[in-house]
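# Examining the three-dimensional arrangement
Here are the chains, one letter per residue:
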Protein chains: 2
Amino acid sequence: MSRVSDQAGQFDRPVGVFDSGIGGLTVAQEITRLLANEQIVYFGDTARVPYGTKSRESVIRFSKDNMNVLLKYGVKVVVIACNTSTSWALSVIRREYAVPVIGVIEPGSRRAVEVTRTGRIGVIATQSTIASGKYTQTIERLLPRAQVTARPCPLFVPLVEEGWIDGKVTESVAEEYLAPIRKAGVDTLILGCTHYPLLKTVIQKVMGKGVTLVDSATETAREVKALLESRGLARQSRRPPRHEFLVSDEPEHFRTLAKRFLGHDLASVRRVDSV
Amino acid sequence: MSRVSDQAGQFDRPVGVFDSGIGGLTVAQEITRLLANEQIVYFGDTARVPYGTKSRESVIRFSKDNMNVLLKYGVKVVVIACNTSTSWALSVIRREYAVPVIGVIEPGSRRAVEVTRTGRIGVIATQSTIASGKYTQTIERLLPRAQVTARPCPLFVPLVEEGWIDGKVTESVAEEYLAPIRKAGVDTLILGCTHYPLLKTVIQKVMGKGVTLVDSATETAREVKALLESRGLARQSRRPPRHEFLVSDEPEHFRTLAKRFLGHDLASVRRVDSV
C-alpha cells in the first residue's frame, strides 16, 4: 500500500466495488453519478455466481478472495455491492482488513426506516441473505417498533439474467413471492438484492402504488461520499477518471448483461483469476 | 494409483461421478440400479454451480478440478454426469487423464437416434451446452439425415432447484421455451441437462403425447456397464457397496435437494475442497 501512495496521493486511488456478478453495477453507477471524479475498480465473481444459494462459509471465502483482487489495485475503500456478501462477510472483513469497507444492508435499512410511516417494512432478497437475518436485525436496531416481513425470491435473479424483466411469467412469479408481504400490509419494501431494481416495474405493480420501494444503491453511494469527505480521501486529480471492470469468468456474458443493466456498453472488461 | 491397486484389485475401486451440483444424482442412481454391486464416489461442485451459464474456459477448469478430487479416491472410471461439462471438457479430459471417462452426450444422442422415426430431433439444455453445438454434431454424425432443433432453457435449472416442478409458472416457462421445438415438429426430445428429468411431466404435457422424451441417465449407465465388463473392471467384492457423496459447498442444501431428486435421504454428504 505504501508503494501505491508513493506514486499517487492516497486520495487519488480508486474506489473498489465487488459483487457476485453483475448486480453491483447499479451501485457502481450511483457512485459515479454522485462522485463524478472518482475512479472505480469493479470486480464481479462471475465464475462462481450466484452467491444467494450458497452457504455462509462459501460466501465468506469468496468475499475474501474478492477483497484480495481489489487490494492489488490499491483501492482506498471497498464497497461490498452484494447483499449476500454483506450479510455474511462484512463484519469478518472489517475485522481482518485495514481498508474501510461499506456494505449495502445498513444504507438500505436506514433509508427504509426514514420513509416508512407505519413501521411495517418488507424485505425481499436471496435465500442466503434472508437466512442471515441481517436485514431484520439492522432495521429493528434502527427502529425498535418496526415489524419486518422478510421473504426469499430465488427466481428473481435468474429471471433478470434471462432478461425477462416483465411479462406474464415474471408477474406470476412476483405474485407468488410477494403474497405474504402484501398480506403483512407493509408500506415500504426493501429490494435486498442488487438485481431486483431491474424488476421494479413488476414489483411495484404487484405491491400497489401505496408501497415505497427502496433500493440501497443511492443510499450506499451517499455513504461512500460521506466517508471519503470525512477522511479527506476524495480524488483530487484533474485527469478524467478511468473505470476498470474485472470478472472471474470470460467477459462476454458480463458485457451483454451490463448493457441491459446500465443501458450502455462498458469500455473494457477483463478476466482476472480470483483464486 | 499403484498403491490403491495394491490394497484392492483394480476392479474393486469405486466408480467416480461428477456434476456441477445435484443433477448428476439421476445418473448415479441409474448406475446403482443397473450395477448394484458397484461403489460410487459422487462429487457435486455446489460452490460454483451452475455451469450452464459459464464459459468454456471456466467449465474446463472446473471439470479438471473435479477430476482431481475423484482421482484422490482411486476411481477406476469417471462419469461426467453433467451435460455442460461433457460439452466442453470431455475431449480435453480424455486427452489429459489416463482413467477412462464417459460423458452423457453420446449416450443420450444414441438413444434419440434409436427412437426417432422422422429424424426430427429436439434438444433442450443449458446456454453453454447449446452454445457448444456438441449435441447437434453428435446426432448428425450418428444419423446424417437428422434435423436437429436445439434451444437453451436457462430458467429450468432454477425452477427445479426452487422445487417448482409443476404449476402455472413452470408451464408458462415451458410453453415459451418449447414453442420453437414444437413448431419444428420433432418426434423425439433430448432432455440435455440432468435437472430436466424432474420437469418431465410438464415438458411431456407441453410437447404432447406423440413426442418421446429421452434422458441420458439410463443409456449412460449401460455404457458404464459395457465398459466395466469389456475391461474386466466389474466389482468382485461381496461386501455391500458404500457410496460416498462429496460437495464443495456446505452439505445442507444438497441434502435437501437430493431428497427431492431421489425420493430418499442420502446416508452421508461431506464437504471437500476442490481447489
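This structure is a prediction, so every number in the text was calculated from the model and none was measured.

What follows concerns the sheet that holds strand 9 (residues 244-247) of chain A. Residues and elements named next belong to chain A. Reading across the sheet, the six strands line up as 4-3-1-2-9-10 and stay open at both edges, with parallel pairing between neighbours. With one partner strand each, in any of the chains shown, strand 4 (101-102) and strand 10 (269-271) form the two edges of the open sheet. With respect to the sheet, helix 2 (residues 25-34) is in contact with strand 1 (15-19), strand 2 (40-44), strand 3 (77-80) and strand 9, its orientation differing from that of strand 2 by roughly 175 degrees.

Our focus in this paragraph is the side chain of B:Ser85. Residue and element names in this part refer to chain B. In this fold, Ser85 is placed in helix 4 (residues 83-96). Within the local environment of Ser85, its side chain forms a polar contact with the side chain of Ser63, the two groups lying 3.0 Å apart. Not counting chain neighbours up to four residues away, the residues in contact with Ser85 comprise Phe18, Tyr51, Val59, Ser63, Ile80 and Leu90.

Mapping chain A onto chain B is achieved by rotating through 180 degrees and translating by 0.0 Å along the same axis, at an RMSD of 0.0 Å. Here the two chains are linked by the operation of a two-fold rotation axis. Relative to the rotation axis, the closest C-alpha in chain A is found at A:Arg48, a distance of 2.3 Å. Comparing interface residues between copies, 100% of those in chain A also sit at the interface in chain B, which points to an isologous, same-surface contact.

Residues and elements named next belong to chain A. Taking 1.5 Å of rise per residue, the 16 residues of helix 3 (residues 56-71) would be expected to cover 22 Å, and the 22 Å separating its terminal C-alpha atoms lies within 8% of that figure. For helix 3, the complete set of buried residues consists of Ser58, Val59, Ile60, Phe62, Ser63, Asp65, Asn66, Met67, Val69 and Leu70. Residues of helix 3 that are buried sit in contact with strand 1, strand 2, strand 3, helix 4 (83-96), strand 4 and strand 9.

Looking now at the interface of chain A and chain B. Taken together, the contact pairs 30 residues of chain A with 30 residues of chain B. Of the roughly 2,300 Å² buried where chain A meets chain B, counting both sides, 59% is carbon and sulfur surface. Counting across the chain A and chain B interface gives zero salt bridges. Taken together, the links from chain A to chain B amount to ten residue pairs in polar contact (both at pLDDT 80 or more). Those elements that provide at least two residues to the side of chain A that touches chain B are helix 3, helix 8 (156-161) and helix 9 (168-183) of chain A. The greatest single-element share of the side of chain A that touches chain B, amounting to six residues, is contributed by helix 9 of chain A. Grouping the constituent residues of the side of chain A that touches chain B by class yields twelve nonpolar, eight polar and ten charged.

Reading the values: the criteria
Each chain has its residues counted from 1, following the order in which its sequence is written. All chains are assigned letters beginning with A, and all ligands numbers beginning with 1, in the order in which they are written. In keeping with the predicted nature of the model, local features appear solely for residues at pLDDT of at least 70, side-chain atom pairs appear and are counted solely at 80 or more, and the whole-chain, interface and lining totals rest on all residues. Working from all heavy atoms in the structure, the side-chain values ignore hydrogens and water. Pairing between two strands requires that DSSP report at least two bridges joining them. Counting from the N terminus, the helices are DSSP H or I runs at least four residues long and the strands are E runs at least two residues long. Note on contacts: a residue pair qualifies if any of its non-hydrogen atoms lie within 4.5 Å across the two residues. Throughout, an axis means a line fitted to C-alpha atoms (over the contacting stretch in the case of helices), and angles, computed between N-to-C directions, take values from 0 to 180 degrees. Counted as a polar contact is a pair of N or O atoms within 3.5 Å, where, for protein atoms, one must be capable of donating a hydrogen and the other of accepting one, and residues adjacent in sequence contribute only when both atoms are in side chains. We superpose the copies by least squares over the C-alpha atoms of residues that have a pLDDT of at least 70 in both of them. Take the residue count of a helix, subtract one, and multiply by 1.5 Å to get its expected span. The cut-offs for exposure are 20% and 50% of the maximum accessible area for each residue type, with area from a 1.4 Å probe on protein chains only; residues under the lower value are buried, those over the upper are exposed, and the others partly exposed. Accessible surface is computed with a 1.4 Å probe, and the buried area is the amount of it that two parts give up when combined, taken over both parts together. For salt bridges, the criterion is a side-chain nitrogen of Lys or Arg within 4 Å of an Asp or Glu carboxyl oxygen. For this classification, the nonpolar set comprises Ala, Val, Leu, Ile, Met, Phe, Trp, Tyr, Cys and Pro, the charged set comprises Asp, Glu, Lys and Arg, and every other residue, Gly included, is treated as polar.

On their own, these measurements won't tell you what the molecule is for.
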